[in-house]
Amino acid sequence: MNKDLTVGSPAKVIVGFTVPMFISVVFQQLYNIADSIIAGKYANGLAAVGASYPITMLFMSVAFGCQIGCSVVIGRNYGAKNYKAAKTCITTSLISGLVLSAALTAFGVIFSPQLMRLVNTPAEIFGDGNTYLRIYTGGFIFLFLYNIATGIFNSLGDSRTPLYLLIGSSVGNVALDALFTIVFGWGVPGVAWATFIAQGTACICALVILLRRLKKVYDGNDAVMFDKRALKEIGVISLPSVLQQSFVSVGNLFIQFLVNGYGPTVIEGYSAAVKLNTFAITVFSTVGNGISSFTAQNSGAGKPDRIRKGLMAGIVFALVIAGMFFGLYFFLPRTFVDLFMNEGSSAEAVDTGIEFLKTVAPFYFVICLKLACDGVFRGAEKMGLFMLSTFIDLALRVISAFVLSDIMGAAGIWNAWPASWVVGSFIAVFCCFNYLRKRIDGAAKAADI
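All of these numbers come straight from a predicted model, not from anything done at the bench. (Residues numbered from 1 in each chain as written. Predicted model: local features only at pLDDT ≥ 70, side-chain atom pairs only at ≥ 80, totals over all residues. Heavy atoms only, no water.)

Looking now at the overall build of the protein. Each helix and strand counted, the protein has 15 helices and zero strands in total. Expected size for 449 residues packed as a compact globule is a radius of gyration near 22 Å; at 21 Å, the protein falls within 12% of this value. Its C-alpha atoms put the protein at 70 × 45 × 35 Å along the principal axes. Residues classed as buried in the protein amount to 58% of the 449 residues present. Sequence separation of 24 or more characterises 84% of the internal contacts of the protein that already satisfy a separation of 6 or more. (Helix = DSSP H or I, 4+ residues; strand = E, 2+ residues; numbered from the N terminus. Rg over C-alpha atoms; globule rule 2.2 N^0.38 Å. Buried < 20%, exposed > 50% of the residue type's maximum accessible area, 1.4 Å probe, protein only. Contact = heavy atoms within 4.5 Å.)

And the structure:
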């Protein structure tokens with residue numbers, strides 16, 4: 001169901017629109033965590049899967065960036081009631097996404113060993129890590145197109161369809177994990193194939209639903225299937241988003257390089273904790289994505305004051321979620337880290353995971369502010385501001401990790417997160433509210449003329 005986000009109470013609209021996205025990403029992250037739990041407990045492969053994780057996130061950064069680009073442009077046209085242009089942008093996104101994802105899939109399958117060596121993967125886990133990465137990237141075309149479809153649904157005000165697809169995919173992935181790994185004993189490859197099949201099925205279902213719904217967007221026969229101008233508009237938003245996501249992923253590669261130097265035990269503990277941390281950050285980012293779609297439609301409709309009110313509602317929502325994750329990770333870290341460990345896991349691995357979580361959890365209240373403001377930047381197509389706060393955040397995290405690890409050992413790496421979050425969030429919040437103030441003042445002056 002397509003929904004107009006330019007009418008109604010901004011707080012009710014943003015929360016009502018974002019809640020299905022929130023539930024959707026919870027299911028997505030739960031099955032990612034289930035992969036790691038099953039890999040750790042039944043395949044002795046948590047370190048192997050964890051070593052390849054920043055590489056898989058680099059591929060995901062391209063998918064997320066393109067999802068943001070198509071969502072913003074389609075949402076702007078949909079909010080402005082330009083349905084013909086919206087349909088053209090949808091089909092252009094799908095066609096260009098198919099070509100790009102096929103190229104990246106081939107690259108990942110061919111060069112997976114070189115990528116694993118790039119992050120200094122220890123020899124004892126290299127084989128399993130490379131196998132997991134090769135199978136994962138083999139299914140990247142499905143993951144990419146699914147993300148594009150999700151971005152399109154969100155731009156049309158429909159956050160429920162992706163939720164239903166994610167629930168089915170998540171349940172299927174966990175079931176296949178258990179079947180392939182516990183019953184069949186396939187080890188790490190079983191975990192990878194379960195993800196491959198679940199993502200492929202979700203992608204096909206999403207595309208079928210989307211193609212059937214295109215007539216509801218615009219039923220005319222004069223809409224262009226592929227338009228270079230539409231592709232350029234999408235690219236203007238997608239490219240900075242891809243670069244931003246890639247910068248983060250490349251930064252994580254550097255950090256993974258540092259972590260890998262401490263051996264499989266620290267890698268195991270870090271892999272468990274970073275999965276849990278990613279769960280929290282992805283949920284905060286989902287609130288930002290909801291704000292982005294809300295901002296895009298209201299920007300197209302010329303309603304800047306609604307954007308400010310929607311942002312405030314989104315921030316309150318994000319802070320409530322941050323409080324939940326803080327309570328769980330700061331006061332019960334061992335409970336969650338132990339989920340990933342098997343009988344052979346060392347106390348050092350568990351302590352590593354606990355130390356990481358207790359270090360970063362108090363600062364969730366800070367980073368959620370940045371991610372909410374990032375949603376406004378993307379939706380308003382202010383990609384320079386978006387890139388500025390994110391690049392400073394990333395640069396500080398990587399530099400701090402290298403400097404502090406020399407002083408504090410592995411603990412120095414974990415302390416790099418809070419330092420970068422504080423600075424990046426301050427810049428994002430200041431720039432966002434300054435931009436909205438100018439936009440609202442400008443609209444008021446125009447109304448007086």
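This part is about the packing of aromatic side chains. Applying the stated rule across the entire model yields 26 aromatic pairs. Measuring from ring centre to ring centre gives 4.6 Å for phenylalanine 180 and tryptophan 186, while their planes differ by 20 degrees; the resulting arrangement is stacked. Ring geometry for tyrosine 329 against tyrosine 364: centres 6.2 Å apart, planes inclined by 70 degrees, an arrangement best described as edge-to-face. Of the two residues, tyrosine 329 sits in helix α10 (residues 304–331) while tyrosine 364 sits in helix α13 (residues 364–379), which places them 35 residues apart along the sequence. Here tyrosine 364 falls in the buried class, since its relative accessible area comes to 0%. An aromatic cluster of three or more residues is present, and its members are Phe279, Phe284, Phe325, Tyr329, Phe336, Tyr364 and Trp421. Across the ring face of phenylalanine 330, the terminal group of lysine 358 is positioned such that the distance to the ring centre comes to 4.0 Å. (Phe/Tyr/Trp six-rings, centres within 6.5 Å; stacked < 30°, edge-to-face > 60°. Lys NZ or Arg CZ within 6 Å of the ring centre and 35° of its normal.)

What follows covers helix α3 (residues 83–118). Its 36 residues place the ends of α3 only 46 Å apart at the C-alpha level, less than the 52 Å of an ideal helix rising 1.5 Å per residue. By the largest-angle criterion, phenylalanine 111 marks the main kink of α3, which is about 70 degrees, and a proline, proline 113, follows within four residues. Directly beyond the C-terminal end of α3, a positive phi value near 65 degrees is found at asparagine 120. (Expected span 1.5 Å × (residues − 1). Bend = angle between axes of the 7 residues up to and from the residue.)

Before going further, it helps to examine the nonpolar core. Residues Ile152, Phe284, Phe325, Tyr329, Tyr364 and Trp414 are the most contacted members of the largest nonpolar core, which totals 134 residues. Of the residues forming this core, the biggest block, 17 residues, is contributed by helix α2 (residues 46–79). Aside from chain neighbours lying at most four places away, what touches isoleucine 152 is Cys70, Ile74, Ile90, Leu94 and Leu210. (Core = buried A, V, L, I, M, F, W, Y, C linked by side-chain atoms within 4.5 Å.)

This paragraph deals with the pattern of salt bridges. A complete count under the given rule lists eight salt bridges for this structure. Measuring nitrogen to oxygen at the nearest pair gives 2.9 Å for the salt bridge that ties aspartate 305 to arginine 308. Of this pair, aspartate 305 and arginine 308 both sit in helix α10, three residues apart, which is roughly one turn of the helix. Judged by relative accessible area, which is 29%, aspartate 305 ranks as partly exposed. Between aspartate 393 and arginine 397 there is a salt bridge, with the nearest N and O atoms lying 3.3 Å from each other. Here aspartate 393 pairs with arginine 397, and both are found in helix α14 (residues 383–408), just four residues apart, close to one helical turn. We classify aspartate 393 as buried; its relative accessible area is 5%. For arginine 397, a relative accessible area of 9% puts it in the buried group. Via salt bridges that share partners, Arg76, Glu233 and Glu381 belong to a single interconnected network. (Salt bridge = Lys/Arg side-chain N within 4 Å of Asp/Glu carboxyl O.)

What follows concerns the environment of alanine 178. Along the chain, alanine 178 turns up in helix α6 (residues 160–183). Taking the C-alpha atoms as reference points, alanine 178 and valine 191, 13 residues apart in sequence, are found 8.5 Å from one another. Look past the residues within four positions of alanine 178 in its chain and what remains in contact with it is Ile38 and Val183.

Looking at where serine 425 falls in the secondary structure, it is placed in helix α15 (residues 410–448). A residue is classified by how much of its surface remains accessible, and serine 425, at 3% relative accessible area, is buried. At 3.1 Å, the side chain of serine 425 and the backbone oxygen of valine 366 are in polar contact. Those residues in contact with serine 425 that lie beyond four places of it in its chain are Val366, Ile367 and Lys370. (Polar contact = N/O pair within 3.5 Å; in protein donor to acceptor, adjacent residues only side chain to side chain.)

Our next topic: a nonpolar patch on the surface. A cluster of nonpolar side chains, contributed by Leu179, Ile182, Val183, Phe184, Trp186 and Trp193, occupies part of the molecular surface with about 570 Å² of accessible area. Looking at the secondary structure, you find phenylalanine 184 in the loop between α6 and α7 (188–217). For phenylalanine 184, a relative accessible area of 43% puts it in the partly exposed group. (Patch = residues over 30% accessible without salt bridge, like charges linked within 9 Å, V, L, I, M, F, W, Y side chains within 5 Å. Areas by Shrake-Rupley, 256 points an atom, 1.4 Å probe, with all protein chains shown as cover.)

Think of an α-helix as turning once every 3.6 residues; residues three or four places apart then point the same way. In this model, α13 (16 residues) spans 23 Å end to end at C-alpha, consistent with the 22 Å of a helix rising 1.5 Å per residue. Among the 16 residues in α13, 13 count as buried, and that is most of the element. Just past α13, the residue glutamate 381 takes up positive phi, approximately 65 degrees.

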